[in-house]
Amino acid sequence: MSESLVILDPTAEQEPIGRHPATRPDQLTGPLGLIDIAKPRGDVFLNEVERLLRADLPDLEIIRLRKPTYTKPSPSDLRAEVASRCRAVIQALAD
Amino acid sequence: MSRLPAAGSTAPAFSLGDRTGGQIDLIEVAAPGTLLFFFKHDCDTCDLTAPLVVRLQDALAPSGLRFVGVSQDDPSHTTVFVDRHQLNFSIALDSELHVSDDYGFDAVPALVLLGPDRQVLASYEGFARTDLAGLIEFAAEQCGAETPPIVTESDGLPKMRPGCGSKAHNPDVAQRLAVRRGAAVLSARRVRVPVDDDPFEFLAAQGLGDGLPVVPPTEERVLRMLEGTSRSPSDVVAHIPPNLTPATVEKVAINAVMAGCLPEYLPVVIAAAEAACTDEFNLHGVLATTYFATPVIVVNGPIRDEIDVNCGRNMFGQGFRANATIGRALQLLVRNVGGGRPGDVDMSTLGQPGKFTCCVGEREDLSPWEPLHVERGFSPETSTVTVFAGEAPRAIRDQLSRSARSLGASMGWCLETMAHPKLHRMGEVLLVVSPEHARTFKADGYSKADLRARIQEVTARPLRDLLPNDECQKGTVPVGLPPDWKGPDGQPTEEALARPVPKFKQSSDILIMVGGGTAGKFSAFLGGWASGTMGSMAVTREICR
């Protein structure tokens, strides 16, 4: 081929926003959010997680949160709640 | 279609070189006017016309009428024509064909008589005696001269003769000119494929395909694709998940080119993108799930035949361009514009072949029922797409049933296996009834409502049998049951345990369409995904061109 071909960019032409995971805490201090993504038996899993945590860390403040449905991204008010109230979160995928 | 400027319009200005290195301008036209004569050297109709133009020049040039020939040829071929006819007026070279394109005629010769301000007084292409006579009369009138006797009873001229194709319509040239005309409407970033790189390998290396080669989206191809819609290239069609980035008509067209679509498919792709990017359909979830779901596109209405969407034999299979490429275009949009890629946001455990493409039509002519889109509120004459988050098609085999009741039972029992036989109170499913099976239902006067009721009847089992148990730990879990079925402990009451529970939460969740070849007592169903307002629901949209 002697001539270079010009094509049109099929993408959104947006640079992805670089996001880095938050710094992991050295030790587990509250408040800790336990988020149920609304899959069946997510509560069973998180109840057990909560029980174990309370046994080891009786002073840990735990906040239970729940997505309306696992099929959609978290609604913005839930994300805001997590950001404003929780130092760390554990999110449960179940079934 | 010819775009030759008609009388009363303003003709395009131009500046062209001639064979001596000079420049010929048509910017301001002095009174009484100018006659433009477009020609090419190997055109019999140009040969017929040239001597007549020379005679007209002899008659009216003394009155001030300017004559300009515009040649579509290179200088040497132009000279052949000029010498052949002893043309002694200015000859402009339009070898790039930009002026021919601006004047928009289909054939040469093309004659355009201009008055002051480049106002067109008369124009025609090819040869027609009456057009020539009219133009001569206008020209003479414009000059305040007698009409020269060129078209007379004894002139021996034919009544008409078609012209020869304008060189601007040669396929390679037409594409180049289309880009020149239309490139301004394209705003996508231009990407230059390095010289000596194979464009197909280049696109694959950029991660812009689905594993199969894609058609390189050149400006020419995208502009041709955009001819399939009346919508502006800059219109935003939808915000494509997962990144919720806006997809303009132009971006849809680019991805449609890559998928292999024809321009007439573009409105279907646009409608499918609009339908899939609604809250009800929840494309984000459909994409991100570990399940098998993918957008299944069903086309209804007159457009099926117009663009040849297969709704007959092998409709879910290979071999039909519309089916193969419309679904693929939607998938490429999600990948390239939305950023949804397998292993990234697309977390499907196993996937399925329909994630390359899944687009079919309904065989409305062989259906005993009103088609899917009419049931969903559209008129039969409206063309629509319905998107449904579906699994791959699965077989319903019944060559023995001769009654609708029996066949309905077969379908119900097959449908009960959707996802898991013990999972009841399920959401949407797409049932594709083959023409032979449809005939059985028709013979017994079975309506869609009858079929739905039969499916629900044969699949209804006591809740007790559907709960997870030691025999099989999978089943219908109490958490999704209505509150009044459960006791204070959250477990089903004794009464609820005895209650018959059909496969589907509501019979309207069973979407029914007719499709497939006329031979074969096989139907199919495509299981849904998490359905309802908290999952994905089928969405139907009108296809607008």
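Calculation criteria
Residues numbered from 1 in each chain as written. Chains lettered and ligands numbered in written order. Predicted model: local features only at pLDDT ≥ 70, side-chain atom pairs only at ≥ 80, totals over all residues. Helix = DSSP H or I, 4+ residues; strand = E, 2+ residues; numbered from the N terminus. Rg over C-alpha atoms; globule rule 2.2 N^0.38 Å. Buried ≥ 20, exposed ≤ 12 C-beta atoms within 10 Å, placed from the backbone. Contact = placed C-beta atoms within 7 Å. Pairing = 2+ DSSP bridges. Axes fitted to C-alpha atoms, helices over the stretch in contact; angles between N-to-C directions. Parallel < 35°, antiparallel > 145°, perpendicular 65-115°, else oblique. Left-handed = near helix turned anticlockwise from the far one by under 90°. Nonpolar A, V, L, I, M, F, W, Y, C, P; charged D, E, K, R; others polar. Core = buried A, V, L, I, M, F, W, Y, C linked by C-beta atoms within 7 Å. Domains from an automatic or database assignment.

The helix and strand inventory of chain A stands at two helices and four strands. Listed by position from the N terminus, the elements making up chain A come as β-β-α-β-α-β. On C-alpha atoms alone, chain A measures out to a radius of gyration of 20 Å, which is more than a quarter above the 12 Å that the 2.2 N^0.38 rule sets for 95 residues. In terms of principal-axis extent, the alpha carbons of chain A reach across some 75 × 30 × 25 Å. Each of the 95 residues in chain A was classed as buried or not, and the buried ones make up 15%. For chain A, the proportion of contacts with a sequence separation of at least 24, taken over those separated by at least 6, is 78%.

Let us look at the sheet that holds strand β4 (residues 66–71) of chain B. Pairing between the strands of a sheet comes from backbone hydrogen bonds, and it takes one of two forms, parallel or antiparallel. All names here are of chain B. On the basis of which strands lie adjacent, the open sheet formed by five strands has the order β5-β4-β3-β7-β8 and mixed pairing. The open sheet terminates on both sides in strands that have one partner only, identified here as β5 (90–93) and β8 (119–125). Adjacent strand axes in the sheet meet at a mean angle of 20 degrees when their direction is disregarded. Sheet topology note: the strand β7 (residues 110–115)/β8 ladder contains six bridges and is antiparallel. Note on β8: the bridge partner recorded for L113 is A122.

Turning to the packing of helix α1 (residues 44–60) of chain B against helix α4 (residues 129–143) of chain B, a few remarks are in order. All names here are of chain B. In the contact formed by α1 and α4, the axes pass within 11 Å of each other and the chain directions differ by 20 degrees. Taken together, the axis directions place α1 and α4 in an arrangement best described as roughly parallel. Classified by chirality, the crossing of α4 by α1 is right-handed. Judged by residue contacts, L52, L56 and L60 of α1 engage L132, I136, A139, A140 and C143 from α4. Taken together, the residues that form the contact of α1 with α4 break down as eight nonpolar, no polar and no charged.

Residue and element names in this part refer to chain B. Spatial strand order, β18-β23-β19-β22: four strands in an open sheet with mixed pairing. Both edges of this open sheet fall to β18 (394–397) and β22 (510–514), since each of them pairs with a single strand only. Recorded for the sheet is a direction-independent mean angle of 25 degrees between the axes of neighbouring strands. The sheet contact formed by strand β19 (residues 429–433) and strand β23 (residues 522–527) spans four bridges and is antiparallel. Note on β23: the bridge partner recorded for V429 is G527.

All names here are of chain B. Cis geometry is found at the peptide bond from V108 to P109, where omega equals 0 degrees. With respect to the helices, strands and loops of the structure, P109 is situated in the loop between β6 (107–108) and β7. Residues P241 and P242 are joined by a peptide bond in cis, for which omega reads 5 degrees. When you line up the elements, P242 lands in the loop between β13 (236–240) and β14 (245–248). You will see that R118, though not glycine, has its phi angle at about 55 degrees, which is positive. Here R118 lies in the loop between β7 and β8. By the C-beta count within 10 Å, which is 19 here, R118 ends up partly exposed.

On the chain B side, the residues contacting the 18 residues of chain A number 33 residues. Tallied by class, residues from the side of chain A that touches chain B come to 10 nonpolar, five polar and three charged. Taken together, the four bridges between strand β1 (residues 5–8) of chain A and strand β12 (residues 190–193) of chain B define a ladder with antiparallel strand orientation. Considered in β12 of chain B, the bridge of V6 of chain A is made with R192 of chain B.

We now examine the nonpolar core. Residue and element names in this part refer to chain B. A256, V269, A272, A273, I297, V387 and F525 are the most contacted members of the largest nonpolar core, which has 102 residues in total. Per-element tally for this core: the top contributor is helix α9 (residues 266–276), with nine residues. Counting only domains with at least three residues in this core, you end up with domain 2 (171–391 + 529–545) and domain 3 (392–460 + 503–527). Judged by nonpolar contacts, the second largest core, of 41 residues, contains A59, A107, L113 and L135.

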